[in-house]
Amino acid sequence: ELANLNCRALSTGGEYLFVGFNSSPYGKLFRRNGNNFEFVANVPGWSYSPSSSDMSREGNYLVVCGITTAILYEIIDNSISELYRTPTSSVRAAGFSPSGERYFIARDANLYIYKLEGQTQSLEFTYTQTGSGGSVYSAVFVSDNSLVLLGRYGSSPNVTHPLRKLDYNTDTGNWDVTSSVS
């Protein structure tokens, strides 16, 4: 079923596999059955190809990003439903924390960290890459309370790509930049 298709995004979690395509239906969800994956459903809500995706480790949440939106899905018993749609632009990446309790969306100069509690999400923190032409290219959670991001600022030929480590401060409820390398 995946032969000769232009795949754009892949994510795995639990027993599930998400594959994003460059043509309709733009996203399909599969479930592991032994050494194979069986088709479960077309992923709803897309009229163009996704650029990034990630699935929580247990496979109960999927976030898919495209050029103008990011959609958070919940997966329960071989069904997938949209929980939240975040209209946005220039989405570069998305990812879950190891427990799936948090996820991020990297967009333009901003990194948004959301917290999930059941079917409720809340924006927990926004990091902004400062400097001329500032942007957040990508990020990865190293634990539920720690994240590393790759930024960019400046203009050619003086472009800088800083790495920043952000840690969640349980005393203040904020995310603090605890180290930076440029």
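Small disclaimer: the values here were computed from a predicted structure and weren't measured.

Rules and cut-offs
Residues numbered from 1 in each chain as written. Predicted model: local features only at pLDDT ≥ 70, side-chain atom pairs only at ≥ 80, totals over all residues. Heavy atoms only, no water. Phe/Tyr/Trp six-rings, centres within 6.5 Å; stacked < 30°, edge-to-face > 60°. Buried < 20%, exposed > 50% of the residue type's maximum accessible area, 1.4 Å probe, protein only. Helix = DSSP H or I, 4+ residues; strand = E, 2+ residues; numbered from the N terminus. Contact = heavy atoms within 4.5 Å. pLDDT = per-residue confidence, 0-100. Salt bridge = Lys/Arg side-chain N within 4 Å of Asp/Glu carboxyl O. Pairing = 2+ DSSP bridges. Axes fitted to C-alpha atoms, helices over the stretch in contact; angles between N-to-C directions.

The geometry of an aromatic ring pair is captured by two quantities: the separation of the ring centres and the angle between the planes. Tallied over the full model, the rule gives 7 aromatic pairs. Where Phe96 meets Tyr103, the ring centres are 5.6 Å apart and the plane angle is 45°; that geometry is what we call tilted. Across this residue pair, the class does not change: Phe96 and Tyr103 are buried. Plain terms: the ring middles of Phe104 and Phe141 are 6.0 Å apart, the flat faces sit at 45° to each other, and that makes the pair tilted. In this pair, Phe104 sits in strand β10 (residues 102–107) while Phe141 sits in strand β13 (residues 135–143), placing the two residues 37 residues apart along the sequence. Pair check on accessibility: Phe104 and Phe141 agree, each one buried.

This next bit is on the environment of Ser179. Note on placement: Ser179 falls in strand β17 (residues 174–181). Judged by its relative accessible area of 36%, Ser179 falls in the partly exposed class. Setting aside chain neighbours within four positions, we find Ser179 in contact with Leu163, Arg164 and Lys165.

What follows covers the confidence of the model for the chain. Averaged over every residue, the pLDDT of the chain is 88; the share at 70 or more is 95%. Highest mean pLDDT in the chain belongs to strand β16 (residues 163–169) (96); lowest belongs to strand β1 (residues 7–13) (74).

A complete count under the given rule lists 7 salt bridges for this structure. A salt bridge links Glu82 to Arg85; its shortest N-O distance comes to 3.0 Å. Taking the relative accessible area as the measure of exposure, Glu82 reaches 35% and is therefore partly exposed. On the accessibility criterion, Arg85 (40% relative accessible area) is partly exposed. Note that Arg102 and Glu101 form a salt bridge whose closest N and O atoms lie 3.3 Å from each other. What makes Arg102 buried here is its relative accessible area of 1%.

The next subject is the pairing of strand β12 (residues 120–128). Of the pairings in the sheet, the one linking strand β11 (residues 110–117) to β12 comprises 8 bridges and is antiparallel in character. Directly across from Lys115, in β12, lies its bridge partner Ser122. Counting the residues between successive antiparallel strands, the hairpin from β11 to β12 contains 2 residues, one of them, Gly118, with a positive phi of roughly 65°.

Here Asn169 shows up in strand β16. Sequence separation of Asn169 and Gln119 is 50 residues, and the distance between their C-alpha atoms is 24 Å. Residues in contact with Asn169, not counting those within four places in the same chain, are Asn174 and Asp176.

Attention now moves to the sheet that holds strand β8 (residues 79–87). Across the sheet, 4 strands lie side by side as β5-β6-β7-β8; this open sheet has antiparallel pairing. At either end of the open sheet lies a strand with only one pairing partner, and these are β5 (52–55) and β8. Here the average twist between neighbouring strands, direction ignored, is 15°. Taken together, the 4 bridges between β5 and strand β6 (residues 61–65) define a ladder with antiparallel strand orientation. Counterpart to Met55 in the pairing with β6 is Leu62.

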